[in-house]
Amino acid sequence: MLTAPPTTAEDDGQAVGLLPQLLLALVCAGYTTGATLGWGRHEIALVMGDFGLAAAAAAASVSSLLYARRAAGPHRPAWLLFSCSSAMTALGNGIWGWYEVVLRRPVPQTSAADFCFLMFAPPAIIGLLVLAKRPVTRAGWVCLALDTWLIGGSLLTLSWSLALARTATIDGPSTARMALSLAYPLLDIVLVSMVLALHFRRAGVNRAAVNTAIAALALTVLCDALFTSPLLREHYRSGQVLDAGWFAGSLLLAYAPWVGARMSASPHPHPPRRAGAATRKVATSLTALTPYLAAAVCTLGILYNVINGQKCDRVVLLTGCTVVMALVVRQGIMLLDNIALTQELAQKENHFRSLVQGSSDVIMIAAPTGVLRYVSPAAQGVYGRDPEEMVGTELAAHIHPDDLGRVLHEVRRFLAAPPGDEPSTRIECRIRADRIERPDRPDRPDRPGVRHGWLDIESSVTRYQGGLIFNSRDITERVRLQAQLQHNASHDPLTDLPNRALFLERLGRAVGGRRAGDARTAVLYVDLDGFKAVNDTVGHQAGDDLLVQAARRLRATLRSSDVAARLGGDEFAALISGPEGATAASPAPYPAHPHPGHPGHPADRFVFGAHGPIPAPRTATADPPKPGPRPTVEERIRDIADRLRTALSEPYRVDGIEVRVGASIGIAFAEPGAAPGEVMRHADLAMYRAKQSGKGRVELYAPRLQAEAVRRTELAGRVRTALDNGDFTLLHQPVVELSGGRITGVEARARWRTPQGILFTPAEFLYPGDGAERDLETARLFDHLLDQAVEQAALRYGAGHRVPVTVRLSARRLLHRDPPATGIEHLLARHELPPSGLVVELAGDDPRIAPEELERRLTCLRRLGVRIALGGFAAGYGSLGALRTLPVDVIKLDRAFTDGVVESTRLHKITRGLLGIAADLGIRTVADGIDRPEQVQALREMGCAHGVGMAFSGPLDEHHLRGSLTRGGYPVCSNAETPVPPA
């Protein structure tokens, strides 16, 4: 139900606008009261009747002039003319008062005041013409002139019959006096005619000011007409009630121009109100009846003379004939105009009918009851239904039941809204459609199939004769595209799994919707081990194929109620909800059949859907209950993670070759009140722990993992600070000849010295799995230590200790494109160290490094004079295969062989064989990790020439190293029973 609107600032603006009107009414009422009472004295009556009217007319003149100077536009000349007209009135009243008040004698019958009063009408008439809406055609100008003459002629006939003929007789035979006596009323008749004509043709701009000006001129003309009548004119005296009408007309004209200006300048302008249908109908009827009313008035003038028995005056006959002729001409013009309008209307109707029938949009007209009264032919192509069959049915019968309530609510709201505030609205819903498809049976092409479905429709709804017009178009493809775009925005384009944003959203809903007693929700964070090696060796396209297969396995292993997602790169995630039913409802473990076509191979369990391969539906079967205690929730989740790890670790077939990757999985449970991001961080930490523990594992999050992550972060920051402060130092461990104890070289060892004096080895401040050597700070660290090692070796060479220094570098560091200032060649030249004084020990095993590139780099260094050593021989780059391709001068036997070479006969034989191969190739050997005298004896007997370990010396600083070099070596025992003294 509609209620009264609350009082607003607009209402305050209306109250302020009433104040000038009230003041105007009070002044006019005061003048009228004074005129009625005779002003108390004759002298005051003369002053008020003459100079009072002159002041009011002067006010109207000044007001119109000021407005004309301020305003701009086509109506400005009209107000200048009104100002001139009012000035003539003020001048005439001033002359009249000069005779009566100042000279104290009657006004002559013919005076300058009469000419001033006569000049009032012409400017006003021209001003009204300026305000009138100008016709756009020649016929329109003719009709305007005819309407003016019809009104003016009829008024002239009536006025002549009633008063003007008698006035001409009373004023005597003088032509000048008779012309002067008749000019005044005739001009008033013309002015009245223009007022009436303008009332139906006034322009829409500033209509309030125009209406007020018309009312002011109409009131002035009415008073002139009363003054012209012989009875009132004979008894007229200045200051009488008739002056109140002139006074009110002048003040009303002074107020007129500011009505529209005040409304437009209001801070809360009122919205334009549409005239009602009844008002428009009355105005149209009066406009059409104007010629007939004019003819009726003219007839009344003639009948008045006939009824009174007077002879029909020639003026009356002439005027009446011209009025009748003007009426006939005007009717002829109107007839021709109506014929032209009828033809134009028919053309427009045909035009719009063609537009409606040829439009691809469906146009429907619904009655207030909801019954369709018209449906355009486009419904056949859009809905697949006959428009004639739809006519007479209810619109609600064609709308989807799920959308019907929303559509009815919107329609009711729209109909309740004011038409001016909301002329139209838009509605989206689904409409029933019948689409003709290909024949149901190929042998019966005459029986096409009909598919019943729903189309997404957007309708523009407008009011029409109490009902509604629906202009509808098919937006099914747009809705599908929007749905596809929304799907793409929340899913991974490669695997079609939910992306990180959608996974976090579903995790948030799963965590936020938990209640007390609900099953715990777990997140599995999955990272593929060795995936980057697949990308680097087989190619990125093969890597993408592997990710797609991994996503299939992930979806196939999980239950339908679980959520699988790809977070980016080779990282996946799974959201496990309600694990209590996991034992019964979980699918069987992923089958381990590597080749397509084998029974039970994963590829045989997939079908192709709209977005690529999707898992085929499977029915879970419950396992029979087993005796024993029921497994805990953690055990069930770990069992799911183990099955997932097993499935992801099976071989993949990409590009015709078989590749393998592992899977490290971290598990985190969503505790009550936990944020989705926090749960993901916990699962990530657990996955990181699984990678640190050897990869291919499943780890459950524990609070200590968070503490370890914090410690790692803090340690990384301290390492960066130590690097900036120069807290890293370089120690050297001697390389000793096993046969005689002579020092033949030194190995550089990096250490981090804390402010407390504690030394940390790289294994303690570079966590495994960090990718530390790929980090910028780590690269800076090794560059700094390499520079120190070369510089100190050059200083030792200068002091006479010509022993080479061995620096351990990774293959990636060797192949890094160093700037000229940090390259090995530049360091040797800058510190003046002979290339033979540097031994580069190749450490680690990186499958991402191409062997050809590494061979070329090592060959360049060897040609320079730098010797090459293989670190960790029989492991990594120290494998036997490296001896075939890489230019090697020294091999360093790994600690794994030296630790058990005395106790294990099998290891003893293997070590002897490796040393024999090196001797046959002419490669010098160095054993690492010699800590006991018996190891020295055993390795020396096998043919190993050099060794490093605590049996001789630990890492030394530069001062102690110089002392050892000065002594020349360390004593060694000739047999295992004689201990080797420590350095």
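Rules and cut-offs
Residues numbered from 1 in each chain as written. Predicted model: local features only at pLDDT ≥ 70, side-chain atom pairs only at ≥ 80, totals over all residues. Heavy atoms only, no water. Helix = DSSP H or I, 4+ residues; strand = E, 2+ residues; numbered from the N terminus. Buried < 20%, exposed > 50% of the residue type's maximum accessible area, 1.4 Å probe, protein only. Areas by Shrake-Rupley, 256 points an atom, 1.4 Å probe, with all protein chains shown as cover. Axes fitted to C-alpha atoms, helices over the stretch in contact; angles between N-to-C directions. Parallel < 35°, antiparallel > 145°, perpendicular 65-115°, else oblique. Left-handed = near helix turned anticlockwise from the far one by under 90°. Contact = heavy atoms within 4.5 Å. Nonpolar A, V, L, I, M, F, W, Y, C, P; charged D, E, K, R; others polar. Pairing = 2+ DSSP bridges. Phe/Tyr/Trp six-rings, centres within 6.5 Å; stacked < 30°, edge-to-face > 60°. pLDDT = per-residue confidence, 0-100. Salt bridge = Lys/Arg side-chain N within 4 Å of Asp/Glu carboxyl O. Patch = residues over 30% accessible without salt bridge, like charges linked within 9 Å, V, L, I, M, F, W, Y side chains within 5 Å. Core = buried A, V, L, I, M, F, W, Y, C linked by side-chain atoms within 4.5 Å.

Peer 1: Can you explain the overall build of the protein chain? Please cite residues and give values.
Peer 2: Helix and strand counts for the protein chain stand at 34 helices and 23 strands. Buried residues in the protein chain amount to 43% of all 983 residues. When the accessible surface of the protein chain is split by element, carbon and sulfur atoms take 59% of a total near 51800 Å².

Peer 1: Run through the packing of helix α32 (residues 905-921) against helix α33 (residues 933-942), naming residues and quoting values.
Peer 2: Two packed helices can be described by the angle between their axes and the distance between those axes. Where α32 contacts α33, the two axes come as close as 9 Å, and the packing angle between them is 50°. The pairing of α32 with α33 is recorded here as oblique in orientation. Both α32 and α33 take part in a crossing whose hand is right-handed. In this structure, α32 uses H908, T911, R912 and L915 to contact α33, whose residues at the interface are L939, E941 and M942. Split by residue class, the contact of α32 with α33 holds three nonpolar, two polar and two charged.

Peer 1: Describe the packing of helix α20 (residues 540-557) against helix α22 (residues 633-649), naming the residues involved and giving the relevant values.
Peer 2: Contact geometry for α20 and α22: axes closest at 9 Å, N-to-C directions at 150°. On the basis of the axis angle, α20 is roughly antiparallel to α22. Note that α20 runs across α22; the crossing there is right-handed. Judged by residue contacts, A550, R553, L554 and T557 of α20 engage R643, L644, A647 and L648 from α22.

Peer 1: Which residues make up the sheet that holds strand β14 (residues 698-700), and what values do they have?
Peer 2: Pairing in this open sheet of five strands is mixed, and the strands run β7-β8-β6-β13-β14 from one edge to the other. Of all the strands in the sheet, just β7 (563-568) and β14 have a single pairing partner and so form its edges. Neighbour-to-neighbour, the strand axes of the sheet open up by a mean angle of 20°, direction not taken into account. Taken together, the three bridges between strand β13 (residues 662-669) and β14 define a ladder with parallel strand orientation. Its bridge partner lying in β14, I665 is registered against V698. Packed on one face of the sheet, helix α18 (residues 500-512) meets β6 (522-529), β7 and β8 (571-576) and runs near 20° to β8.

Peer 1: Kindly report on the packing of aromatic side chains, identifying the contributing residues and their values.
Peer 2: Inspection of the entire model under this criterion finds seven aromatic pairs. Geometrically, the ring pair formed by Y67 and W258 is edge-to-face, given 5.5 Å between the ring centres and 85° between the ring planes. In this pair, Y67 sits in helix α2 (residues 42-70) while W258 sits in helix α11 (residues 257-265), placing the two residues 191 residues apart along the sequence. Residue classification places Y67 among the buried positions, given a relative accessible area of 11%.

Peer 1: Give a detailed account of the side chain of S86, specifying residues and quantitative values.
Peer 2: Inspection of the secondary structure puts S86 in helix α3 (residues 76-102). Here S86 is in contact with A57, A60, S61 and L253, once residues within four sequence places are set aside.

Peer 1: Quick one: what's the story with the confidence of the model for the protein chain, residue by residue and with numbers?
Peer 2: Averaged over all residues, the pLDDT of the protein chain is 77; the fraction at 70 or higher stands at 73%. Below pLDDT 50 for its whole length, residues 438-442 participates in 10 contacts with residues either more than four positions away or in separate chains.

Peer 1: Talk me through the pairing of strand β2 (residues 372-375); I want residue IDs and the actual numbers.
Peer 2: The side chains of a regular strand alternate, first on one face of the sheet and then on the other. Where strand β1 (residues 362-366) meets β2, three bridges bridge the pair, whose relative direction is antiparallel. Within β2, the residue paired with I365 across the bridge is Y374.

Peer 1: Kindly report on the pairing of strand β16 (residues 743-753), identifying the contributing residues and their values.
Peer 2: For β16, the tally of buried residues reaches 10 of 11 residues, placing the bulk of the element in the interior. Linking strand β15 (residues 728-737) to β16, which pair antiparallel, is a turn of five residues; within it G741 sits at a positive phi near 85°. Taken together, the two bridges between β16 and strand β18 (residues 805-810) define a ladder with parallel strand orientation. Across the sheet, the residue bridging to V746 is V805, located in β18.

Peer 1: How would you summarise the pattern of salt bridges if you had to cite specific residues and measurements?
Peer 2: Throughout the structure, instances matching the rule amount to 31 salt bridges. Here D492 and R566 are joined by a salt bridge, their closest N and O atoms 3.1 Å apart. Highlighted residues: D492 in the loop between α17 (476-490) and α18 and R566 in strand β7, separated in sequence by 74 residues. Comparing D492 with R566, the two get one shared label, buried. Between D639 and R643 there is a salt bridge, with its nearest N and O atoms 2.4 Å apart. Here D639 pairs with R643, and both are found in helix α22, just four residues apart, close to one helical turn.

Peer 1: How would you explain a nonpolar patch on the surface if you had to name every residue and give the values?
Peer 2: Together, V47, F51, W98, V102 and L103 give the surface a local cluster of nonpolar side chains, amounting to about 410 Å² of exposed area. Among the secondary structure elements, those contributing two or more residues to the nonpolar patch are α2 and α3. Of note, W98 is situated in helix α3.

Peer 1: Before we move on, could you go through the nonpolar core and cite the residues and values that matter?
Peer 2: One recurring pattern in soluble globular proteins is that nonpolar side chains are buried together. Ranked by size, the top nonpolar core spans 66 residues in total, and within it I824 and L939 carry the most contacts. With eight residues, helix α26 (residues 776-798) is the largest single contributor of residues to this core. Ignoring any residue separated from it by four or fewer positions in sequence, one finds I824 in contact with L786, L809, L814, L838, V840, R857 and L861. In this structure, L524, L554, V659 and A663 belong to the second largest nonpolar core, which totals 33 residues.

Peer 1: Give me the lowdown on the environment of E832, citing residues and values where you can.
Peer 2: Residue placement: E832 occurs in the loop between α28 (824-831) and β19 (838-843). Separated by 41 residues in the primary sequence, E832 and E791 place their C-alpha atoms 8.5 Å from one another.

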